Structure formats: C-alpha cells, structure tokens
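One-letter residues, chain by chain:
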Protein chains: 2
Amino acid sequence: MTSRPSTVRGHIVAIGGAEDKTSELAILKRVFELAPEDSHEVSVIATASSIPDQLLPSYEAAFKRLGASQVHALDIQDRQQAAEAEVVRLIQRSGVIFFTGGDQLRLTTVLGGSATLRAVRERLRAGAVVAGTSAGAAAMPSTMIYNGAASDALRKGAVNMTFGLGFVRGMVIDSHFLERGRFTRLMEVGASNPEQLGVGLGEDAAVIIHPDRILETIGPGHVIIIDSRDLASSNIAELEMGAPVAVENMILHAMVSGHGYDVDARRYLVAEELEAVLARRRQE
Amino acid sequence: MTSRPSTVRGHIVAIGGAEDKTSELAILKRVFELAPEDSHEVSVIATASSIPDQLLPSYEAAFKRLGASQVHALDIQDRQQAAEAEVVRLIQRSGVIFFTGGDQLRLTTVLGGSATLRAVRERLRAGAVVAGTSAGAAAMPSTMIYNGAASDALRKGAVNMTFGLGFVRGMVIDSHFLERGRFTRLMEVGASNPEQLGVGLGEDAAVIIHPDRILETIGPGHVIIIDSRDLASSNIAELEMGAPVAVENMILHAMVSGHGYDVDARRYLVAEELEAVLARRRQE
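Residues numbered from 1 in each chain as written. Chains lettered and ligands numbered in written order. Predicted model: local features only at pLDDT ≥ 70, side-chain atom pairs only at ≥ 80, totals over all residues. Heavy atoms only, no water.

> What am I meant to see in the UniProt feature "active site" (unreviewed entry) in chain A here?
All names here are of chain A. Within this numbering scheme, the UniProt entry marks Ser134, His176 and Glu203 as carrying the feature "active site" (unreviewed entry). Separation in sequence by 70 residues is not matched in space for these annotated residues, since their most distant C-alpha atoms are only 8.1 Å apart. On the secondary structure map, Ser134 appears in the loop between β5 (129–133) and α7 (135–138). Leaving out residues up to four positions away in the same chain, Ser134 has contacts with Ile15, Gly16, Gly17, Gly101, Ser175 and His176. Note on placement: His176 falls in the loop between β8 (171–174) and α8 (183–192). Given the relative accessible area of 6%, His176 is considered buried. Only 2.7 Å separates the side chain of His176 from the side chain of Ser134, close enough to count as a polar contact. (UniProt positions renumbered as here; feature names shortened; annotations may be inferred. Helix = DSSP H or I, 4+ residues; strand = E, 2+ residues; numbered from the N terminus. Contact = heavy atoms within 4.5 Å. Buried < 20%, exposed > 50% of the residue type's maximum accessible area, 1.4 Å probe, protein only. Polar contact = N/O pair within 3.5 Å; in protein donor to acceptor, adjacent residues only side chain to side chain.)

What follows is the structure, encoded as structure tokens:
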C-alpha cells in the first residue's frame, strides 16, 4: 500500500435498496467481512430516513447476528447532532459505517461539512467499510442525483443533482435501477459530462468498490454500467430546458454476482478476470 | 431502383404508442405524406385492439383531415375475416396501411399466413406506407416481443418472443420504451442474439424505416438504439431460466427528431448527416 495522502484503504459497498431480506443479509455479511480486523463495532446512520425507529432495530439485529461487538444506532436528525463529539467518537471506533435508505438530500443537508462526515471519511481512508443502501448508496459519490422522474428523464434538466458525500470520485450511483427503469437518468448525466461513469444498482444487488477502484458485483440482481466516455455527440448544450436529449454512442454493461469492472482502465471483468485481479492485489 | 425480387419500395413507420394527440397527428401527417402518388386511400387495421369501435373513428377522422380520399376501417377480428376477398381488395387499393395498438399477439395469431397479410407485404414492396402504433409497431419485424415485465427483465426467459408480421428484418422493435423502462427487454434480446438491432420507441416518437434501411426519428420523444453486435461476452447460454443475465459491451444511442441511423452500416446520423444521406437517395 503506497503512502500517498489520497490513498484510501477501506472498501465502499453501495447497495441498490435490497427489498429481499435474505439477499440483504447475504450482502450485509460481505459488508461485515470487509471490516478491518481491529474493529468489529458498527455505526448505523439513519439520517436519510424519516422512520429511523423502524429501520434501526433491524440493522442492529442483523449486524449483531453477523458478529458485531457493538452496534451504534445513530439517529442523527439535525446539524447539531452531526457535530456532537460523542457521535464522532463512536464513528472513530467503528469498522463498519452503514447509511440507511431514505432521502439522499437529507443525508447531505444534515451531514455536509459536519464533524461526523469528516470522521467517516477518515475512517474510510484508514481502512473501515463505508456501506449504504438506496439513498445511502446514491449519496456516496462527489456528485449525486436526488430527484428526477425515470419515465423519459432524457430531457434537459429532468434530473436534479447536487454535491454528494464525496466518498468516491468519477462516478454517479443510482439505486432501484432496473426496477424503476432509470437508464435515462444516467444517460442524461453521461451526456452532461461523459467523464463520469454511471453505476446503476438493481435492488437485490450491490457493488463493492475496492480501494484500487475495482468494482465487484454481489447479490442476485444486476449492476448496470453506463460508460459515456466515448460519447461521439450530444445536443444537450444547445437545447432549451425540457427538450429531448440526443446521445450517440454510450457503452452499456450488465454485471451479475462475481463480475467486476475496472473503473480507471474502463474494463469489464468476467468472473475469472475479477478473481485474478483481486488475487494479484492480495499478494501486493 | 434495382429490380431484385426482395426490393422494397415503400416506407415503414413504427410509432411508440403516442399518447399526445397533437404529436400523434403530426406523426400521422408524415405517414400520409409518404404514401405513393397514385393512392390516397388508407386502410386502418384494428385487429390488435379489443376496442376497435372506439379506435377506428378517430383514425378515420384524422386521415380524412389529412386528405385521404377514402379510409377503410378494417375491424378484422378472426382468421375468416382475414381471408376475405373484399378485405384484400381494399388493401390493394390503399397507399397507407395502418395498424392500431392493442395486443401484438392478436395481430399475428389472426393475420399470420392470411391473404390480408400477403396483400400488405405486396403493397409495401410496391411502394405503399405500412405504419403502426404500439402493438402495431412491435409486430413489424420478423421476430417480436409479445410479453415480459420491464422491471429487471434481464433474467433468462423473462421476455417472451415469437414470429412477427415480417415487414422488416434484422431488428426488434419495442414501444412505450422510455415511459415503461424497457431497456432490459432489448438487452435480454440482444444477449440472446447480438445480430439483431434493438429499437426502442418512446411514446411520442416514431421511426421511419426508409427503403434503404435508414432510420429517421420523428416526433417530440426519443428513439433508443441498443446495438449488441460488438457484444464481448454474456453468460445467457449457461444460465438456468430466471437467472440474471450478464452482458459486456452493448452500444446505446438516443435519437431525437431529425436524427437517424443507418441499420446496415451501424452508423448514427446527426441531423446534417441524415439530411445528406436522404438527399443523395432522392437524386439516385
């Protein structure tokens, strides 16, 4: 592991909003297994949710069953709570930091610039797992989608975006992706800036973002990749708001469990290739 | 125009199921303008619909307003009617043959192998326009989708297909495409046979298939192209039924009005390129 200041040692796990409790537990098991050996404490941040009291007990139970030594249920509902030293202290002890679903705009408006968020980023750099489902997944990149009807979203301005939590750069993450037909949302984003990779998570799927920016798909669903970097043309800059956006040449992949994607090399990895890449990394 | 027996002189217009009556009339105007000069009669075939009496009068009124000399409302509901000499005679007189929406499986089960369908194919070869909306568009290729939930259809066997009406080869056409999030349906088809182009019609869009297989998009919506011919890998042949399908490397385009696509050259045509191609063809 190099010692560049930007080096991240921890894993990110973005989950598509698993509705199937069996597959969700299998995904949470992988999340917990990625925790560093020196910390088996878990923080669950329910800021995105309007029903934290209903969500937190089930995550507490799930992580305890998986072997967590302690589960900290962090119902951070305002910016004052996000600044509390006690919350920061619990994050600093945690090997897994998990963001529930809800509204990603609540996550960013409450946590943006807070001591809690800084502590989460430090833990990620130091080797902790940062995981999130649905809104908790969508908020992870430096820029996120927070609104936009899926039906024909490929109209200028249909997708609303703002700064995300900044755990990962170079991509936008969308959840409930196949179930809500959100392809057009990532196509609009890709037309607006083809440098950014589109990652669409099916509900019963998740993606592990390894420290070297290798994506690994887990769960019984799909992870869709929309790669706009070879975009040949788009009319988006010339259009009125609401007018239909044309795009020429985006690349589409559908990954299933065990398949992966090298974000920086822009390379799809079938199961044997992903295994080889991950094995090589473990030896380094 | 060469004299090969397979040469088609007529245009096909596939409409995505226009719900907006203003844009529908603009699209029907283009349909009528493509009719050959020697026939301004229109046949409307309502076989797909379970409510032909509600659909036929509005199409009759629309085509009359556009200048049709006669509109033949053909409520062909069974195979006996599809064999009637009088129906065949009316088709043979028509410069436009229009298929309403409904259920594409009704279209094929009633019309498949009939004298009426043979007459429609002959008229298309001779220069008539064959147009259809929704089910009437989906049924046009040699193979069609007739069923398959859009939400996560990318599972082996989720899409049901059978023989279509056979007006155009080398593609599959899906309607209500952006509105119902049907990307995964064309991805499953593309994985099963990458040779076939996927054409997804937004509801307020249509595609003109010119005789030389140049596609031209019309209407305020989108036409999506999913080109699987460079598919690098897929697991579909190895899977159990219902298991999630992986696809590596499909190409995605979104066309808007005035943009086109050369099916055989696999080339996206921005507005100026399409104009140049169509102008060259008119001179030939």
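> How do you make sense of the relation of the copies chain B and chain A when you look at a structure like this?
A rotation about an axis combined with a shift along that same axis relates the two copies of the chain. Least-squares fitting of chain B to chain A yields an RMSD of 0.0 Å, with the superposition described by an axial translation of 0.0 Å and a rotation of 180 degrees. Accordingly, the operation relating the two chain copies is best matched by a two-fold axis. Taking C-alpha positions as the reference, the residue of chain B nearest the rotation axis is Gly181 of chain B, at 2.0 Å. Of the interface residues in chain B, 97% have counterparts in chain A that sit at the interface too, so the contact is made through matching surfaces. (Least-squares fit on C-alpha atoms with pLDDT ≥ 70 in both.)

> Help me understand the pattern of salt bridges in this model?
Between side chains of opposite charge, pairing is possible as soon as their charged atoms come close. This structure, assessed with the given rule, holds 24 salt bridges over all chains. Arg229 of chain B is the partner of Asp227 of chain B in a salt bridge, and the nearest nitrogen-oxygen pair spans 3.2 Å. On the basis of relative accessibility, which here comes to 2%, the residue Asp227 of chain B falls in the buried class. Overlapping salt bridges bring together Asp227, Arg229, Asp230 and Arg266 of chain A as one network. (Salt bridge = Lys/Arg side-chain N within 4 Å of Asp/Glu carboxyl O.)

> Quick question: what am I supposed to make of the sheet that holds strand β5 (residues 129–133) of chain B here?
All names here are of chain B. Overall, mixed pairing links the nine strands, which are arranged β3-β2-β4-β5-β1-β10-β11-β15-β16 in an open sheet. Either end of the sheet is taken by a strand with one partner, and the two such strands are β3 (70–74) and β16 (267–269). Each adjacent strand pair in this sheet contributes to an overall mean axis angle of 20 degrees, direction not counted. Bridging between strand β11 (residues 214–218) and strand β15 (residues 260–262) involves three bridges; their strand directions are antiparallel. Bridge pairing in β15 places Ile214 opposite Asp262. Against the sheet, helix α6 (residues 115–126) engages β1 (12–15), β2 (41–45), β4 (96–99) and β5, with an angle of about 130 degrees to β4. (Pairing = 2+ DSSP bridges. Axes fitted to C-alpha atoms, helices over the stretch in contact; angles between N-to-C directions.)

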